[in-house]
Amino acid sequence: AQTVTQSQPEMSVQEAETVTLSCTYDTSESDYYLFWYKQPPSRQMILVIRQEAYKQQNATENRFSVNFQKAAKSFSLKISDSQLGDAAMYFCAYRWNTGNQFYFGTGTSLTVIP
Amino acid sequence: GAGVSQTPSNKVTEKGKYVELRCDPISGHTALYWYRQSLGQGPEFLIYFQGTGAADDSGLPNDRFFAVRPEGSVSTLKIQRTERGDSAVYLCASSLKGTLSSGANVLTFGAGSRLTVL
């Protein structure tokens with residue numbers, strides 16, 4: 001069974017600083033996708049960044065980057081130059097390449113301190 | 001439409017009542033998902049449609065839950081004889097089928113329907 005674990009229920013960061021959110025997953029598959037979604041108080045989940053497992057290069061989207069360690073089954077999210085608008089719940093998600101389901105972790109609540 | 005639309009935004013009902021939650025996906029998205037998110041938890045898979053058919057309904061918790069997508073676009077999640085434990089936010093998402101590099105296989109979510117069963 002595929003599971004996604006986010007071991008940090010809450011994190012905080014000073015504005016303009018860098019924070020890293022952790023995610024590990026369990027799978028026996030070799031071809032899959034990984035995602036980070038952001039959920040602000042408005043409830044709408046927004047895609048932050050995505051990674052294909054066969055790509056060794058870590059994905060980057062502006063201030064957001066990932067550290068993908070396939071052997072360790074780790075997929076952490078780094079937010080640089082944190083902004084007040086980054087405050088939200090962040091969910092890590094996994095999807096097997098030919099599967100249908102997206103599996104989500106329990107989330108990390110990020111607070112940005114002005 | 002431009003985004004995934006879900007109605008109602010909030011629904012309060014009494015135990016034992018029947019409710020319907022509607023999802024209008026992005027135009028052209030053939031894949032549609034329903035997820036349930038309880039307080040403090042991540043989204044939990046309920047059902048997946050590819051076109052009109054339910055390709056995977058393994059996440060539906062019991063036979064009180066049912067979902068349809070008769071024309072391959074709008075979907076309705078139906079809950080019979082609601083229980084207090086059904087209280088949650090019900091999220092709908094849609095996606096294209098294809099390669100990740102093309103932008104497919106990425107879920108676009110609606111804002112959810114918050115169901116409260118008293």
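Attention here is on the structure that accompanies the text. Because the structure is predicted, anything quoted here is derived from the model rather than measured.

About the cut-offs
- Residues numbered from 1 in each chain as written.
- Chains lettered and ligands numbered in written order.
- Predicted model: local features only at pLDDT ≥ 70, side-chain atom pairs only at ≥ 80, totals over all residues.
- Heavy atoms only, no water.
- Salt bridge = Lys/Arg side-chain N within 4 Å of Asp/Glu carboxyl O.
- Helix = DSSP H or I, 4+ residues; strand = E, 2+ residues; numbered from the N terminus.
- Buried < 20%, exposed > 50% of the residue type's maximum accessible area, 1.4 Å probe, protein only.
- 1 Å grid on protein atoms, 1.4 Å probe; cavity = no way out; pocket = protein on both sides within 12 Å on 5 of 7 lines; lining within 4 Å.
- Points joined across faces, edges and corners; volume = space filled by probe spheres on them.
- Phe/Tyr/Trp six-rings, centres within 6.5 Å; stacked < 30°, edge-to-face > 60°.
- Disulfide = S-S within 2.5 Å.
- Pairing = 2+ DSSP bridges.
- Axes fitted to C-alpha atoms, helices over the stretch in contact; angles between N-to-C directions.
- Contact = heavy atoms within 4.5 Å.
- Buried area = accessible area lost by both parts, 1.4 Å probe.
- Nonpolar A, V, L, I, M, F, W, Y, C, P; charged D, E, K, R; others polar.

## Regarding the pattern of salt bridges
All names here are of chain B.
Part 1: Taken as a whole and assessed by the stated rule, the structure comprises six salt bridges over all chains.
Part 2: Ionic pairing is found between R64 and E83, a salt bridge with its closest N-O pair at 3.5 Å. Separated by 19 residues along the polypeptide, R64 in the loop between β6 (53-56) and β7 (65-68) and E83 in the loop between β8 (75-79) and β9 (88-95) bring together distant segments of the chain.
Part 3: For R64, a relative accessible area of 6% puts it in the buried group.
Part 4: For E83, a relative accessible area of 40% translates into the label partly exposed.

## Structural notes on the layout of surface pockets
Part 1: Looking at the largest pocket, its volume works out to about 350 Å³.
Part 2: Surrounding the largest pocket, 18 residues form its lining, A:Q39, B:Q37, B:L39, B:G40 and B:R114 being those nearest its centre.
Part 3: Where the lining of the largest pocket is concerned, the elements lending two or more residues are β10 (88-96) of chain A together with β9 and β11 (113-117) of chain B.
Part 4: Among the elements that take part in the lining of the largest pocket, β10(A) stands out by supplying three residues, more than any other.

## With respect to the packing of aromatic side chains
Part 1: Tallied over the entire structure, the rule returns 18 aromatic pairs over all chains.
Part 2: Note on A:F102 and B:Y33: the rings are 5.5 Å apart at their centroids and 85° apart in plane angle, and the pair reads as edge-to-face. Highlighted residues: A:F102 in strand β11 (residues 102-104) and B:Y33 in strand β4 (residues 31-37), drawn from two different chains. This pair shows no difference in class: A:F102 is buried, exactly as B:Y33 is.
Part 3: Look at B:Y33 and B:Y48: their rings are 4.7 Å apart centre to centre, the planes differ by 40°, and that puts the pair in the tilted class. Of this pair, B:Y33 sits in strand β4 while B:Y48 sits in strand β5 (residues 44-50), and the two are 15 residues apart along the sequence.

## Examining the state of the cysteines
Part 1: This model, assessed by the stated rule, comprises two disulfides over all chains.
Part 2: In this model, A:C23 is linked to A:C92 through a disulfide, with the two sulfur atoms separated by 2.0 Å. Its S-S torsion of about -70° marks the bond between A:C23 and A:C92 as left-handed, since a negative value means left-handed. Remark: A:C92 occurs in strand β10 and A:C23 occurs in the loop between β3 (19-21) and β4 (24-26); sequence separation between them is 69 residues.
Part 3: Overall, A:C23 belongs to the buried group, its relative accessible area being 1%.
Part 4: The class of A:C92 is buried, set by a relative accessible area of 1%.
Part 5: Between the sulfur atoms of B:C23 and its disulfide mate B:C92 the distance is 1.9 Å.

## Quick word on the sheet that holds strand β1 (residues 5-7) of chain B
Residues and elements named next belong to chain B.
Part 1: Taken in spatial order, the four strands make up an open sheet running β1-β3-β8-β7, and their pairing is antiparallel. The open sheet has two free edges, formed respectively by β1 and β7, since each of these has just one partner strand. Each strand of the sheet is rotated relative to its neighbour by a mean of 15°, with strand direction disregarded.
Part 2: Of the pairings in the sheet, the one linking β7 to β8 comprises four bridges and is antiparallel in character. Within the sheet, the bridge partner assigned to V68 lies in β8 and is T76.

## A look at the environment of B:T116
All names here are of chain B.
Part 1: Secondary-structure assignment places T116 in strand β11.
Part 2: Looking at T116, the relative accessible area reads 29%, which means it is partly exposed.
Part 3: C-alpha of T116 to C-alpha of N10: the two residues are 106 residues apart in sequence and 7.9 Å apart in space.
Part 4: Other than its neighbours up to four places away in sequence, T116 contacts K11, V12, T13 and S87.

## Considering the interface of chain B and chain A
Interfaces are often described in size by the accessible area the parts lose on coming together.
Part 1: The partner chain A presents 20 residues to the 28 residues of chain B that form the contact.
Part 2: When chain B packs against chain A, close to 2,000 Å² is buried across both sides, 51% of that on carbon and sulfur atoms.
Part 3: Inspection of the region where chain B meets chain A yields zero salt bridges.
Part 4: Mapped onto the side of chain B that touches chain A, the elements with two or more residues apiece are β4, β5, β9 and β11 of chain B.
Part 5: With three residues, β4(B) is the largest single contributor of residues to the side of chain B that touches chain A.
Part 6: A per-class count over the side of chain B that touches chain A returns 12 nonpolar, 13 polar and three charged.

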